[in-house]
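# Summary of structural features
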Amino acid sequence: MQGQISGTDGQRYELVGEIGRGGFGTVYRAKMRGSGGFEKTVALKVLNPEVAAEPGFAERLRDEARILGLLQHRAIVRVDDLIQLDGAWTVVMELVGGTDLKRIVGAGPVPVGPALEIIEEVASALGSAFSARGSTGNPVHLIHRDIKPSNIHLTAAGEVKVLDFGVARAEFQQRESVTRSLFFGSI
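In this text, all values refer to a predicted model and were calculated from it rather than measured experimentally. Think of each chain on its own: its residues are numbered from 1, step by step along the sequence as written. This being a predicted model, a pLDDT of at least 70 is required before a residue's local features are given, and a value of 80 or more before pairs of side-chain atoms are given or counted; all residues contribute to the totals for chains, interfaces and linings. Values reported for side chains reflect all heavy atoms of the structure, with hydrogen atoms and water molecules removed beforehand.

### Re the pattern of salt bridges
Think of a salt bridge as a Lys or Arg side-chain nitrogen and an Asp or Glu carboxyl oxygen that are within 4 Å of each other. Within the structure shown, the criterion is met by twelve salt bridges. Ionic pairing is found between K31 and E39, a salt bridge with its closest N-O pair at 3.7 Å. Whether a residue is buried, partly exposed or exposed follows from its accessible area with a 1.4 Å probe, protein chains only, as a fraction of its type maximum: under 20%, in between, or over 50%, in that order. Take E39: its relative accessible area is 43%, and that puts it in the partly exposed class. Between D80 and R78 there is a salt bridge; the shortest N-O distance is 3.1 Å. Judged by its relative accessible area of 38%, R78 is partly exposed. Salt bridges linked by common partners bring E14, K31, R33 and E39 together as one network.

Structure, rendered in structure tokens:
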């Protein structure tokens, strides 16, 4: 993917650069342009072509977008839309600046006070996600299943953001994939 791309949502996206790549998807920094001169920098999580045709991967990406659409917490990355770009399923989400906790810990120990604040914010986000209610009003009982330092970001302003809900388990009506009997995530 490169250059200007039009989405199924009527917006135009200019890819600025790649942020990260995994086996499941690639995340790009992009400028979203809409009518009336509207412009916003966003992150685009695009399903990798190598896995797009394999059973379950597109469903998991769509489920991740739907799950994040149900959640509202300051420490959970915000999702703005689920679209197709050049035929690839794409999640349009908040661009989270800063760095991940893995890099911070790699530079040396985190002082006890800030470490406890990070733990408290992550726990608050996970608690909020577990008790969030779906469109039917029932709790979704979301379990992230991949909490690790590389999925926790700290912004320049000191905000904590929990990322990558791609293998989360949740109970909600629009769910497409079933991952309960398989091992996903990190130990």
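### Digging into the nonpolar core
Nine residue types can take part in a nonpolar core, namely buried Ala, Val, Leu, Ile, Met, Phe, Trp, Tyr and Cys, and a core is a set of them joined through side-chain atoms within 4.5 Å. Residues L68, L71, L142 and F165 are the most contacted members of the largest nonpolar core, which totals 33 residues. At the level of elements, β4 (39-47), α2 (57-70), β6 (88-93), α4 (112-131), β8 (152-154) and β9 (160-162) are the ones that each hand at least two residues to this core. Numbering of helices and strands runs from the N terminus, with a helix taken as a DSSP run of H or I at least four residues long and a strand as a DSSP run of E at least two residues long. A total of five residues in this core trace back to one element, the largest contributor, which is α2. By size, the runner-up hydrophobic cluster in this structure holds 13 residues, among which are L15, A30, V46 and A88.

### Some details on the pairing of strand β2 (residues 12-21)
Pairing geometry for β2 and strand β3 (residues 25-33), over eight bridges, is antiparallel. Looking across to β3, one finds that R21 is bridged to T26. Counted along the chain from β2 to the antiparallel partner β3, the turn is three residues long. Two strands are counted as paired when DSSP detects at least two bridges linking them.

### Structural notes on the pairing of β4
Summarising the sheet, β3 and β4 pair through nine bridges and their orientation is antiparallel. Within β4, the position partnered with Y28 by the bridge is L44. Between the end of β3 and the start of β4, which pair antiparallel, lie five residues, with G36 showing a positive phi angle near 70 degrees. Here β4 pairs with β6 via four bridges, running antiparallel. In the strand pairing of β6, K45 is matched with V91.

### What about the packing of aromatic side chains?
Aromatic rings from Phe, Tyr and Trp, taking only the six-membered ring of Trp, are treated as a pair when their centres fall within 6.5 Å; an angle between ring planes under 30 degrees marks them as stacked, one over 60 as edge-to-face, and anything in between as tilted. Following the criterion strictly, the structure yields one aromatic pair and no others. Where F24 meets F57, the ring centres are 5.9 Å apart and the plane angle is 45 degrees; that geometry is what we call tilted. Of this pair, F24 sits in the loop between β2 and β3 while F57 is found in helix α2, placing the two residues 33 residues apart along the sequence. Over the aromatic face of F57 sits the side chain of R60, whose NZ or CZ is 5.0 Å from the ring centroid. Consider the ring centre and the ring normal. A charge sits over the ring if Lys NZ or Arg CZ is within 6 Å of that centre and within 35 degrees of that normal.

### A look at a nonpolar patch on the surface
The patch calculation keeps residues exceeding 30% relative accessible area without a salt bridge and links them within 9 Å when they carry like charges or within 5 Å when they are nonpolar (Val, Leu, Ile, Met, Phe, Trp, Tyr). Note on areas: Shrake-Rupley with a 1.4 Å probe; residue coverage comes only from the protein chains shown. Among the surface-exposed residues, V112, L116 and I119 lie close enough to one another that they form a single nonpolar patch of about 320 Å² accessible area. Locating I119 in the fold gives a position in helix α4.

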